[in-house]
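Analysis of the macromolecular model
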Amino acid sequence: MFKRQTFPCLILLLLAVLLVQPPVFAETSSPTANPGDTAWMLISSALVMLMLPGLALFYGGMVRRKNVLSSMMHSFVALGVMTIQWIFIGYSIAFGDSIGGFMGNPLDKFLLRGITPETLTGTIPEYVFIMFQGMFAAITPALISGALAERIRFRTYVTFILLWGTLVYAPLAHWVWGGGWLSQGHLLNGLGALDFAGGTVVHLSSGISALVAVILLGKRRGYPSGDMLPHNLTFTLLGAGLLWFGWFGFNAGSAVAANAQAGLAFVVTHIAAASGAIGWLIAERIHQGRPSALGAASGIVAGLVGITPAAGFVAPWAAIIIGFGAGVICYWGVLAKGRFGYDDSLDAFGVHGVGGTWGAIATGIFATIGATGLVLGNFQQLVNQIIGVVAAGLYAAAVTFILVKVLDATMGFRVDDEQEQMGLDQVEHGEVGYNF
Amino acid sequence: MFKRQTFPCLILLLLAVLLVQPPVFAETSSPTANPGDTAWMLISSALVMLMLPGLALFYGGMVRRKNVLSSMMHSFVALGVMTIQWIFIGYSIAFGDSIGGFMGNPLDKFLLRGITPETLTGTIPEYVFIMFQGMFAAITPALISGALAERIRFRTYVTFILLWGTLVYAPLAHWVWGGGWLSQGHLLNGLGALDFAGGTVVHLSSGISALVAVILLGKRRGYPSGDMLPHNLTFTLLGAGLLWFGWFGFNAGSAVAANAQAGLAFVVTHIAAASGAIGWLIAERIHQGRPSALGAASGIVAGLVGITPAAGFVAPWAAIIIGFGAGVICYWGVLAKGRFGYDDSLDAFGVHGVGGTWGAIATGIFATIGATGLVLGNFQQLVNQIIGVVAAGLYAAAVTFILVKVLDATMGFRVDDEQEQMGLDQVEHGEVGYNF
Amino acid sequence: MFKRQTFPCLILLLLAVLLVQPPVFAETSSPTANPGDTAWMLISSALVMLMLPGLALFYGGMVRRKNVLSSMMHSFVALGVMTIQWIFIGYSIAFGDSIGGFMGNPLDKFLLRGITPETLTGTIPEYVFIMFQGMFAAITPALISGALAERIRFRTYVTFILLWGTLVYAPLAHWVWGGGWLSQGHLLNGLGALDFAGGTVVHLSSGISALVAVILLGKRRGYPSGDMLPHNLTFTLLGAGLLWFGWFGFNAGSAVAANAQAGLAFVVTHIAAASGAIGWLIAERIHQGRPSALGAASGIVAGLVGITPAAGFVAPWAAIIIGFGAGVICYWGVLAKGRFGYDDSLDAFGVHGVGGTWGAIATGIFATIGATGLVLGNFQQLVNQIIGVVAAGLYAAAVTFILVKVLDATMGFRVDDEQEQMGLDQVEHGEVGYNF
Amino acid sequence: MKKIECIIRPFKLEDVKEALSEIGIRGMTVSEIRGFGRQKGHTELYRGSEYTIEFVPKLKVEIVVPEDRVDEVVNTVVQAASTGKIGDGKIFVIPVDETIRIRTGERGPAAI
Amino acid sequence: MKKIECIIRPFKLEDVKEALSEIGIRGMTVSEIRGFGRQKGHTELYRGSEYTIEFVPKLKVEIVVPEDRVDEVVNTVVQAASTGKIGDGKIFVIPVDETIRIRTGERGPAAI
Amino acid sequence: MKKIECIIRPFKLEDVKEALSEIGIRGMTVSEIRGFGRQKGHTELYRGSEYTIEFVPKLKVEIVVPEDRVDEVVNTVVQAASTGKIGDGKIFVIPVDETIRIRTGERGPAAI
Ligand SMILES: Nc1ncnc2c1ncn2[C@@H]1O[C@H](COP(=O)(O)OP(=O)(O)O)[C@@H](O)[C@H]1O
Ligand SMILES: Nc1ncnc2c1ncn2[C@@H]1O[C@H](COP(=O)(O)OP(=O)(O)O)[C@@H](O)[C@H]1O
Ligand SMILES: Nc1ncnc2c1ncn2[C@@H]1O[C@H](COP(=O)(O)OP(=O)(O)O)[C@@H](O)[C@H]1O
């Protein structure tokens, strides 16, 4: 009984702590936010937030009917708990004063202290910047849930993403965006590893972690078998549409202003999504004879993943290649699981891991705007990209390995066989998705 | 036959009147709108509009299959008729020249007369302000439909919301935002009752009216019984996601500019939604053993309702308490219906009435930015909040009481038993939701 | 085998061509984009993009279960292939140097050459303008798919929209917006044909083409019969909601700035959508006894179509008439197919063709802001509108006639009877929408 | 033992279930079916066009009972499910050779 | 009376219904079922992975007729529903002891 | 021939199918049904309110076999589908007069 209450108690304790914190007063600081940039970053934050319901649909449509709510909850609960984690320590670890280039000081901006509505980050209120970045912190662990779907315990999942977000995501964000060792001006010849909107920080890290987790946790009961078909592909298509929509905020918002770079990021993002869909559909057509709706949805996401690190650095023509390549390569990526025999339920690794790697490398090749890639003769950038991928991948994999092992041993990560057969909706949430 | 045509005739008559109105010419006025603020308020208006399809899904998923279209129509038709009502007289009653602090002069801005594209409200075109406010006028009566779902006649509902919007919503908006007696600078020690984005005007008023209406109209046939389960919780989750997304416009848009206050409202809104979900899930976990998807969706909305009046006035740490509190308190609020035996189908009172009250009081307690609440020692503000709640609640309850009584006696508010059994989709709309 | 590979080869060839293009460098040009306007146009572009998933739901809900994915794919694949076409030549044909007022030079801006992130169109980056316009190019051919649903081959459809977009849409866009012969300052007394956001270019052209195509291709097997009912009207309602939301970008974005005109376009768009729904519901009520959810969804779209050409030119009171009129007239428009015996599956002609014509004419009647219509005594404008409708309609019809004939003879446009019976999802995509 | 298959209107399920409970019937199996019969000719209007709905949604209720209770059950269902309008449905009585409860393996009347 | 249960391919419903109408059969009951039989081995590709669909969607059509019409109905269905490919389905003829029309209480052949 | 109708728990389908395959049964028909029986009393909580779920989702598996295999099939299903908890379901054995394969017109045991 005591154990069951630990989590709520923790929350209540923290809330109590808050109450003694001195209230924050508005200060008058001379420079004020630019309304146009602020408008764009407010809506960009909202757009990225919408990606979580989008992801819930995208994933929820692919699982079996009996797990649809469970799968959707993986995204929704991530939005819930990661937001709170971000406010307490996540933002501070990612963007606080750097401790040796590895992570920010978690206490520096603990509970956003010292920040008022008038505090600016560039031309926008820091509060808005915090929100924009916080949405990334929420969606990244949720991406992993695609690999684990249909077999895991809800409370272990919640614990896992809280720890993973704190130990993997926030430090990686610091490395690349928070002034850490992979940022421009630091190591790697001072060029840094380019990652405009999170190819490595978001997609590669979640994809590789997904792979490690499913290898450790094992296959779903009966996998592969005929009754593991997607239960509602209309949701998956709609989810892909919402993800595409939200990704405009994700990528073009990463310019942190409504400027020329935002315009560039928007156009290449859109092109890559379209090319990704075309690439995947053509691959399907050639390999399995028919282009499918699931293929279109998958290709859209693959193209978007691929362009993410490159979005502020490449020209439209390069976006066609990156997107199309992502569609084809990720199609090949999802086939891999059949060959190697792990059970990545909804291809979190096949799409985000493989696509994230492709995107990071492609950025090193095609960067021509505000950075110089291989096509402009700069081989060093490509090397840096690969170093970034390897470093982030190894780090994420190692921490995930430990987390999964520990949580499985202590809390138990998987439901038992009978529960898996009955479906997680009923077992974990006491509900069913549809009462038609 | 004559009676059936009354409504269309009325519309045509009004349209005829319009034609004689002199055409509006564009005037050149020196100050022009700020593009950044205008951009933000355009998109905020669109975001609030999207809350109605979101509400349609949120509610539609919770009813039985046979009433899904009927329930969704309650939101969609509100968007239709309240928009037209707003253009004709609603806006004028809310924001026209005050008649003794009670309501605006309905003829002052009848059919938006005197307003041109160049007319400004603050830094944005008045047309945009009208739209932003008009979306609030549409969603507020639609919230009530959650209480009445599965048993009411469509035409009576349409008549009800038109009257309620005119006699309850528009005056209340005037009281608080249109320069009425609850506004700052007026009564109540000049402090007014704080209501940043509509905790009292929108949520409390609709919630209390919902309660009055269901008590008067009585329970659904067979309530409570096992086949009244939500028919599609995936819709309810998606609806909650869209509401969350749209609420950024609702709350952060209430700053009526893309400024520091909008940023603050955004961050506390997001935090409260997340905390609300966590609060509700923990309450469920403790009370019924399992956190549910319906609980997550409900907690999100509860948190959003709770923060609404406070959004521009409280710090992030307070948003955690307000949101978490809303989740827990509204969970308790929905349990009440079982105890007291009324049939609030989808808990419009339990969430909006209870959550709106909590939010109004919490604003009086936690306000620290641009206002001073109890935590800064200002007891008066808390008193004002309570006066605001009681006044608005009593007024809304009284008018609703009369409206429901009169409409029930004249038009009939409920369908008959057989129709209720067959389902409103077929009986009222001649359709069914799904032909699988 | 060779034939099957033609399409992918073509793509690869084009991609190869791209690689030899010199990389685009950022130039420093003195004027920079206005952040507020840019923010609004970024989000407007995203909003129009969201209309395609919206359309996918709107249409997908109306077909039979066995064709739901096929129908949704018609919208999604349009977003894919038309985006790429737009980048290669579409934008250049629409907005490149005019060749005699008929079309832009396709090579002028081939693959967006000569454009950098700093290039401006008005106060926004040209890249953003390209995207905004590109979304229109994607949705217009997708509208046609509503007429052809449930019977056509996927690959022929893809080929058709690529050709139609190139030969019909892009030239029409040039005529009206790209400095062509229907633009202001050119023929027609110098007044041009008013088309604010695409009543003629988008809706009339797609609607009339839809009519021509279905007359040539013939009815669905068994039409009309009882089992052709919409399979999921909740999707259709949600789709209508997303279309309404996205249409704010479509119309208010057509001001290409966050200014007074955008505010006007927003308010009249919203009013017309609401009035359209009311108009259709009243027409249904009178004619068939009950207002329906499908009617509400249809009326919303009809109202939006009707106001599209007028959005920047008319006052709110006129929007009520235009929207209400569109609802009633389009209701009559969809009845026509029963009378004339063609099978416009989802009423692409009945809504977009009829509504687009009504909107174009109504613009000539009611324009009072920044243009003068019949109500201000300018008969010439009405004449111009009619000339615009007739010219665009005839041109679209003629080219569509040839395209359909040629494609039917070469690739085959329809699936065979057995395939039609089995459903396009399984036959064309190897999937089913739902595995409940 | 006999299996009594009743085709009824969906909204009559509650009434039928209650009527059967009153006479002590505690078990039944329900499935969604679509019926085609005299009731045909029903039309629905979608966008003003008439569609003939040939297959009407119905429920099938299956009740297995000992022979001596057949008449009682049939009469109860007839009463509870009847509205007097075309389309009320049918009852078919079908012989059952054997009945087994899976949980216990019990057979015959003891199994239901 | 006999109940003729036909398991058919979903897209054959229209044909079966029409063929039965032609021989004067005016009533039937249809339900969605999933079949498992020789037809197994069918695979679908989702994201390039093969899934064996063991249960194939079928329709069950139930027609109750007097004994003397059984052969006619069976032959009609066989003709209308057959494609010659594995998975066309089965027909089972099951005895019916009694038939009742709920609306009127009529029994026997008059009830159908 | 007999038709063996088994009402089972949904998640037991896989086990039942495999057990039947092992004894050489290659054909069956499955449909989704809702059952009402002793198992009633199960409640679900939605927003803290208890709802009594009277109709529990079950599957009906229908297997037509020659008379001499009935016992074997019944026993197999009983074993595979049993959990020992209330609600495991029932098996009903129903006589079948005739069996026809639509594809070939074959009749009798050859048809299944
Ligand atoms: N011959 C039949 N065989 C099987 N089911 C039948 C038969 N005739 C009718 N039914 C079922 O009974 C239902 C009601 O029959 P119908 O003829 O419409 O009305 P009524 O029962 O009032 O005469 C039908 O929808 C169908 O499901
Ligand atoms: N023994 C059986 N009992 C019940 N249903 C069966 C049986 N065998 C086959 N079926 C049903 O008949 C359908 C068709 O059978 P199948 O063996 O695939 O092809 P065919 O009928 O052409 O031989 C199956 O999908 C199943 O629904
Ligand atoms: N008399 C009956 N007629 C038809 N179906 C029945 C009957 N009794 C039970 N059933 C079916 O069997 C299922 C299980 O029965 P139940 O009484 O709950 O448990 P058990 O079989 O373990 O005794 C029910 O859900 C219902 O579908």
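Above this text is the structure in question.
The structure contained in this document is the topic of the report that follows. It should be emphasised that the depicted structure is a prediction, and the values quoted were computed from it without experimental measurement.

Turning our eyes to something else, we now look at the overall build of chain D. Across its full length, chain D holds two helices and seven strands. Of the regular secondary structure in chain D, the N- to C-terminal order runs β-α-β-β-β-β-α-β-β. Its C-alpha radius of gyration of 17 Å places chain D more than 25% over the 13 Å reference for a compact globule of 112 residues. Scored against the burial criterion, the 112 residues of chain D give a buried share of 59%.

Below, the discussion takes up a nonpolar patch on the surface. A contiguous nonpolar surface patch, about 270 Å² in accessible area, is contributed by A:Ile386, A:Val390 and A:Leu394. Within the secondary structure layout, A:Ile386 lies in helix α12 (residues 379-410).

Once that is clear, we can look at the interface of chain F and chain D. Listed by partner, the interface residues are 34 residues for chain F and 26 residues for chain D. Interface area, chain F with chain D, both sides summed: about 2,400 Å², of which 56% is carbon and sulfur. In terms of surface lost to chain D, no three residues of chain F exceed F:Arg34, F:Phe36 and F:Phe92, which account for 24% of the buried area on that side. Taken together, chain F and chain D are joined by four salt bridges. F:Lys2 is the partner of D:Asp97 in a salt bridge, and the nearest nitrogen-oxygen pair spans 2.3 Å. Applying the counting rule to chain F against chain D returns eleven residue pairs in polar contact (both at pLDDT 80 or more). Every element with two or more residues in the side of chain F that touches chain D is listed here: β1 (2-8), β2 (28-36), α2 (70-81) and β6 (90-95) of chain F. When grouped by side-chain class, the residues that make up the side of chain F that touches chain D number 15 nonpolar, seven polar and twelve charged. The pairing of strand β7 (residues 98-101) of chain D with β6(F) spans four bridges and is antiparallel. Its bridge partner lying in β6(F), D:Glu98 is registered against F:Val93.

A few words on the pairing of strand β2 (residues 28-36) of chain E. Among the nine residues that make up β2(E), seven are buried, leaving the element largely enclosed by the rest of the structure. When strand β2 (residues 28-36) of chain D meets β2(E), the two strands line up antiparallel, connected through three bridges. Paired with D:Gly35 across the bridge in β2(E) is E:Thr29. The pairing of β2(E) with strand β5 (residues 56-65) of chain E spans seven bridges and is classified as antiparallel.

For the rest of this paragraph, the subject is the interface of chain C and chain B. Contacts between chain C and chain B engage 59 residues on the former and 65 residues on the latter. Summed over both sides, the interface between chain C and chain B buries roughly 5,100 Å², with carbon and sulfur atoms accounting for 80% of that surface. Among the residues chain C hides against chain B, the three largest losses belong to C:Thr234, C:Phe245 and C:Trp317. Together they make up 12% of the total. On the surface where chain C and chain B come into contact, there are zero salt bridges. Between chain C and chain B we count nine residue pairs in polar contact (both at pLDDT 80 or more) in total. When residues of the side of chain C that touches chain B are traced back to their parent elements, those giving at least two are α2 (35-62), α7 (233-252), α8 (260-288), α9 (293-307) and α10 (316-340) of chain C. Its residues assigned to classes, the side of chain C that touches chain B comprises 42 nonpolar, 13 polar and four charged.

Attention now goes to the pairing of strand β3 (residues 43-46) of chain D. Residue and element names in this part refer to chain D. Only one face of β3 is buried: it carries Glu44 and Tyr46, and the other face, with Thr43 and Leu45, is open. Alignment of β3 against strand β4 (residues 49-52), held across four bridges, turns out to be antiparallel. Bridging across to β4, Leu45 finds its partner in Glu50. What sits between the antiparallel neighbours β3 and β4 is a turn of two residues, in which Arg47 has the positive phi angle 50 degrees.

Turning to the nonpolar core, a few remarks are in order. Counting residues in hydrophobic clusters, the biggest one holds 521 residues, and the most contacted among them are A:Trp40, A:Phe245, B:Trp40, B:Phe245, C:Trp40 and C:Phe245. In this view, B:Phe245 contacts A:Ala46, A:Leu47, A:Met49, A:Leu50, A:Phe245, B:Leu47, B:Leu50 and C:Phe245; residues no more than four positions away in its chain are not counted.

Before going further, it helps to examine the site of ligand 1. Around ligand 1 sit 21 residues, and of these D:Arg38, D:Gly87, E:Thr29, E:Arg101 and E:Arg103 come closest. Ligand 1 is flanked by residues contributed from chains D and E. Within the backbone of E:Val64, one N or O atom sits 2.9 Å away from a nitrogen atom of ligand 1. Broken down by secondary-structure element, the contributors of at least two residues to the shell around ligand 1 are β2 and β6 (90-95) of chain D together with β2 and β5 of chain E. Among the elements that make up the shell around ligand 1, the one with the highest residue count is β5(E) (three residues). Classifying every residue of the shell around ligand 1 by side-chain character gives seven nonpolar, seven polar and seven charged.

About the cut-offs
Residues numbered from 1 in each chain as written. Chains lettered and ligands numbered in written order. Predicted model: local features only at pLDDT ≥ 70, side-chain atom pairs only at ≥ 80, totals over all residues. Heavy atoms only, no water. Helix = DSSP H or I, 4+ residues; strand = E, 2+ residues; numbered from the N terminus. Rg over C-alpha atoms; globule rule 2.2 N^0.38 Å. Buried < 20%, exposed > 50% of the residue type's maximum accessible area, 1.4 Å probe, protein only. Patch = residues over 30% accessible without salt bridge, like charges linked within 9 Å, V, L, I, M, F, W, Y side chains within 5 Å. Areas by Shrake-Rupley, 256 points an atom, 1.4 Å probe, with all protein chains shown as cover. Salt bridge = Lys/Arg side-chain N within 4 Å of Asp/Glu carboxyl O. Contact = heavy atoms within 4.5 Å. Buried area = accessible area lost by both parts, 1.4 Å probe. Polar contact = N/O pair within 3.5 Å; in protein donor to acceptor, adjacent residues only side chain to side chain. Nonpolar A, V, L, I, M, F, W, Y, C, P; charged D, E, K, R; others polar. Pairing = 2+ DSSP bridges. Core = buried A, V, L, I, M, F, W, Y, C linked by side-chain atoms within 4.5 Å. Near = heavy atom within 4 Å.

Remember, this is a structural readout, not a statement about activity or role.
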